[in-house]
Amino acid sequence: MAPSQMSYTPTLGKLLKSLNTQPLEASIEALVYLLKRRQVKGDDIANATAHMLLQVVAKSKWQDVDQLLAKVSNTGLRLAQAAPTEQVIGNVVRRVMGLIRDEASEDRNADEMGDSVSDLSQLPTTPTTPSRPGPTPLRAATLPMSKSMFNLLSVSKPVQSPVTGASTPMSQGASANMHALRSEVIDGIEEIMDEISQADDQIAGFADIQIHPGDYVLAYLPSPTVERFLIKAAAKRRFTVFLASTERQKPGEVPHAALRKKLDGLGVNTISLASNSLMAYMPRVNKVVIGAKAVYANGGVSTESGCSIAARAAREYSKPVIVLSGVYKFCPVDPSDDVTEFEQGDPSTFVDYADGEAVDALEVENIVAEYLPPQYVDVYLTNLGPQTRDHLATIMADHYESEDMGLSLHLP
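Since we're looking at a predicted model, the values are computed, not measured.

Calculation rules
- Residues numbered from 1 in each chain as written.
- Predicted model: local features only at pLDDT ≥ 70, side-chain atom pairs only at ≥ 80, totals over all residues.
- Heavy atoms only, no water.
- Helix = DSSP H or I, 4+ residues; strand = E, 2+ residues; numbered from the N terminus.
- Buried < 20%, exposed > 50% of the residue type's maximum accessible area, 1.4 Å probe, protein only.
- Contact = heavy atoms within 4.5 Å.
- Areas by Shrake-Rupley, 256 points an atom, 1.4 Å probe, with all protein chains shown as cover.
- Axes fitted to C-alpha atoms, helices over the stretch in contact; angles between N-to-C directions.
- Parallel < 35°, antiparallel > 145°, perpendicular 65-115°, else oblique.
- Left-handed = near helix turned anticlockwise from the far one by under 90°.
- Nonpolar A, V, L, I, M, F, W, Y, C, P; charged D, E, K, R; others polar.
- Phe/Tyr/Trp six-rings, centres within 6.5 Å; stacked < 30°, edge-to-face > 60°.
- Lys NZ or Arg CZ within 6 Å of the ring centre and 35° of its normal.
- Salt bridge = Lys/Arg side-chain N within 4 Å of Asp/Glu carboxyl O.
- Pairing = 2+ DSSP bridges.
- Polar contact = N/O pair within 3.5 Å; in protein donor to acceptor, adjacent residues only side chain to side chain.
- Core = buried A, V, L, I, M, F, W, Y, C linked by side-chain atoms within 4.5 Å.
- Patch = residues over 30% accessible without salt bridge, like charges linked within 9 Å, V, L, I, M, F, W, Y side chains within 5 Å.
- Lys, Arg positive; Asp, Glu negative; His and termini not counted.
- Charge placed at Lys NZ, Arg CZ, Asp CG, Glu CD.

1. Quick notes on the overall build of the chain
Link 1 in the chain: Helix and strand counts for the chain come out as 14 helices and 11 strands.
Link 2 in the chain: Relative to its 412 residues, the chain shows a buried fraction of 42%.
Link 3 in the chain: In the chain, the proportion of contacts linking residues at least 24 apart, taken out of those at least 6 apart, comes to 79%.
Link 4 in the chain: A total of about 22600 Å² of accessible surface is found on the chain, and carbon and sulfur atoms cover 53% of it.

2. Let's talk about the packing of helix α2 (residues 24-36) against helix α3 (residues 43-59)
Link 1 in the chain: Remark: α2 packs on α3, axes separated minimally by 10 Å, with the N-to-C direction vectors making an angle of 165°. Judged on the interaxial angle alone, α3 and α2 are roughly antiparallel. Crossing geometry of α2 relative to α3 is assigned as left-handed. Note on element contacts: α3 touches α2 through Ile45, Ala48, Met52, Gln55, Val56 and Lys59, opposite Leu24, Ser27, Ile28, Leu31 and Leu35.
Link 2 in the chain: A per-class count over the contact of α2 with α3 returns 8 nonpolar, 2 polar and 1 charged.

3. A few points about unusual backbone geometry
Link 1 in the chain: A positive phi is found at Leu221, a non-glycine position, where the angle reads about 45°.
Link 2 in the chain: The topology assignment puts Leu221 in the loop between β1 (216-220) and α9 (224-234).
Link 3 in the chain: Under the relative-accessibility criterion, Leu221 is labelled buried at 13%.
Link 4 in the chain: With a phi angle near 55°, Ser318 is a residue other than glycine that sits in the positive phi range.

4. Description of the packing of aromatic side chains
Link 1 in the chain: The final tally for this structure, using the stated rule, is 3 aromatic pairs.
Link 2 in the chain: Across the ring face of Tyr376, the terminal group of Arg315 is positioned such that the distance to the ring centre comes to 5.4 Å.

5. A word on the environment of Gln198
Link 1 in the chain: Inspection of the secondary structure puts Gln198 in helix α7 (residues 167-204).
Link 2 in the chain: Look at Gln198 and you get partly exposed, because its relative accessible area is 40%.
Link 3 in the chain: Sequence separation of Gln198 and Gly326 is 128 residues, and the distance between their C-alpha atoms is 9.2 Å.

6. What to know about the pattern of salt bridges
Link 1 in the chain: Using the criterion set out here, one finds 9 salt bridges in the structure.
Link 2 in the chain: Put simply, Asp43 and Lys329 hold a salt bridge, and the shortest N to O gap is 3.1 Å. In this pair, Asp43 sits in helix α3 while Lys329 sits in the loop between β6 (321-324) and β7 (344-345), placing the two residues 286 residues apart along the sequence.
Link 3 in the chain: Lys293 is the salt-bridge partner of Glu86, the closest N and O atoms lying 3.7 Å from each other. Here the residue Glu86 occupies a position in the loop between α4 (65-82) and α5 (87-122), and Lys293 occupies one in strand β4 (residues 287-295), the gap between them amounting to 207 residues.
Link 4 in the chain: Overall, Glu86 belongs to the buried group, its relative accessible area being 10%.

7. Brief notes about the pairing of strand β5 (residues 301-304)
Link 1 in the chain: Relative to β5, β4 runs antiparallel, the two sharing 3 bridges. Within the sheet, the bridge partner assigned to Ala292 lies in β5 and is Thr303.
Link 2 in the chain: Linkage of β4 to β5, two consecutive antiparallel strands, is achieved through a turn of 5 residues, within which Gly299 is found at a positive phi near 95°.

8. Regarding the pairing of strand β10 (residues 379-382)
Looking along a regular strand, one sees the side chains alternate between the two faces of the sheet.
Link 1 in the chain: Here 3 bridges tie β6 to β10, and the two strands are oriented parallel to one another. Across the sheet, Leu324 pairs through a bridge with Leu381, a residue of β10.
Link 2 in the chain: Two successive antiparallel strands, β10 and strand β11 (residues 385-387), enclose a turn made up of 2 residues.

9. Focus: the side chain of Asn383
Link 1 in the chain: Along the chain, Asn383 falls in the loop between β10 and β11.
Link 2 in the chain: A polar contact is formed between the side chain of Asn383 and the side chain of Gln202, at a distance of 3.5 Å.
Link 3 in the chain: A polar side-chain atom of Asn383 sits 2.9 Å from the main-chain amide nitrogen of Val327.
Link 4 in the chain: If near-sequence neighbours (up to four positions away) are discounted, Asn383 is found in contact with Glu195, Ala199, Gln202, Ile203, Phe206, Ser325, Gly326 and Val327.

10. A closer look at the nonpolar core
Link 1 in the chain: Residues Leu35, Val72, Val92, Val96, Ile100 and Ile189 are the most contacted members of the largest nonpolar core, which totals 50 residues.
Link 2 in the chain: Elements supplying a minimum of two residues to this core: α1 (12-17), α2, α3, α4, α5 and α7.
Link 3 in the chain: With near-sequence residues (within four places) excluded, Ile189 lies in contact with Ala50, Leu53, Leu54, Val57, Val96 and Leu99.
Link 4 in the chain: The next biggest cluster of nonpolar side chains, apart from the first, holds 31 residues, and it includes Phe242, Val285, Val323 and Met396.

11. A word on the environment of Arg182
Link 1 in the chain: In this fold, Arg182 is placed in helix α7.
Link 2 in the chain: Considering only alpha carbons, one finds Arg182 and Ile100, 82 residues apart in sequence, at a separation of 8.9 Å.
Link 3 in the chain: Leaving out residues up to four positions away in the same chain, Arg182 has contacts with Val57, Ala58, Lys59, Ser60 and Trp62.

12. A few points about the packing of α2 against α4
When two helices pack together, their arrangement is given by the angle between the helix axes and the distance between those axes.
Link 1 in the chain: At a minimum axis distance of 8 Å, the contact between α2 and α4 shows a crossing angle of 25°. Taken together, α2 and α4 sit at an angle that is classed as roughly parallel. Viewed along their axes, α2 and α4 form a crossing whose handedness is right-handed. Contact residues: α2 offers Glu25, Ile28, Glu29, Leu31, Val32, Leu35 and Lys36, while α4 offers Thr75, Arg78, Leu79 and Ala82.

13. Side note on a negative patch on the surface
Link 1 in the chain: Together, Asp187, Glu190, Glu191 and Asp194 give the surface a local cluster of negative charge.
Link 2 in the chain: Along the chain, Glu191 turns up in helix α7.
Link 3 in the chain: A relative accessible area of 57% means that Glu191 is categorised as exposed.

Here is the structure:
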């Protein structure tokens, strides 16, 4: 259902601009509406999720950490149900929940340290006598010592007794801590948003290391991350790119025309291939570059439909397969048993529904994403640099809290 408070058809750009002036619930409903209509795709989903969770932290009412975690989790559940195939939504929710736990733990430790210092400052001090030359008579030293011990015991008793009226300053301190926690979590979410926006540029920074002069690189349905990677490499290297695609083109339409124009302008040759001709060209290919929608804990990859064809062909000819993915796409769970539960696209690209007989006789499913098993991937190139499958668990442990690893945002 479309958002009730929005009389126009929302877009992601309009939604992000109106977040500060629009009620929180209306903003969440607007994003859910966009996700259900598939008007938000790719990396924009992670960015939109982070923006929405920031609004939840900033605008919602909560009294403690548990309430904040519940509100973030519930919002993430609504977004994930609107786009159940987009694992990146759950990744961002887990990152934010881990951030909240970390900041709350730091504040708790700081409070305990402050209480300890305060208790130490309230302890009575024993008066010290100035040192005098020569031995001090024993009798003269005994009287001050007895007096000091008496004073110590007499002062200690009120400290041990309970202080009445302490609830008021405690509640004020808790309120101040929650306000500080809100500000710290908002700053942390903004850092996550910066990470998401900078990931493609950081991955592209490793392009001249992965691609060498004279290489033949196969890019299957290049994503924006792969396109930026190739353009960055073309600024320093001269190589050839095979652009493979399964999409049916209109008469006279050139596949990936914008990318071809940029690469040609940088002196890089581009050749368009059909998916059914990959095996014929694979002996000439030096490496295969694939973009990822999500990377699972076992190393499997959710990617564009048809990429597994290129990866399997590369394996037959012992060609390396490089998967490009920001760390925020790393999903700390294993893929479900039913790996066919991926997003389906518009089948009219392949079947002309102007023919009524085809509509009645055919049931066409257009799978736009598929699962690539980990044995077909050689290198995971992230914004932190190239990684192997053995290092994925360490990266995920560094970015997610153990309490959030098994978080499920989908209804059973």
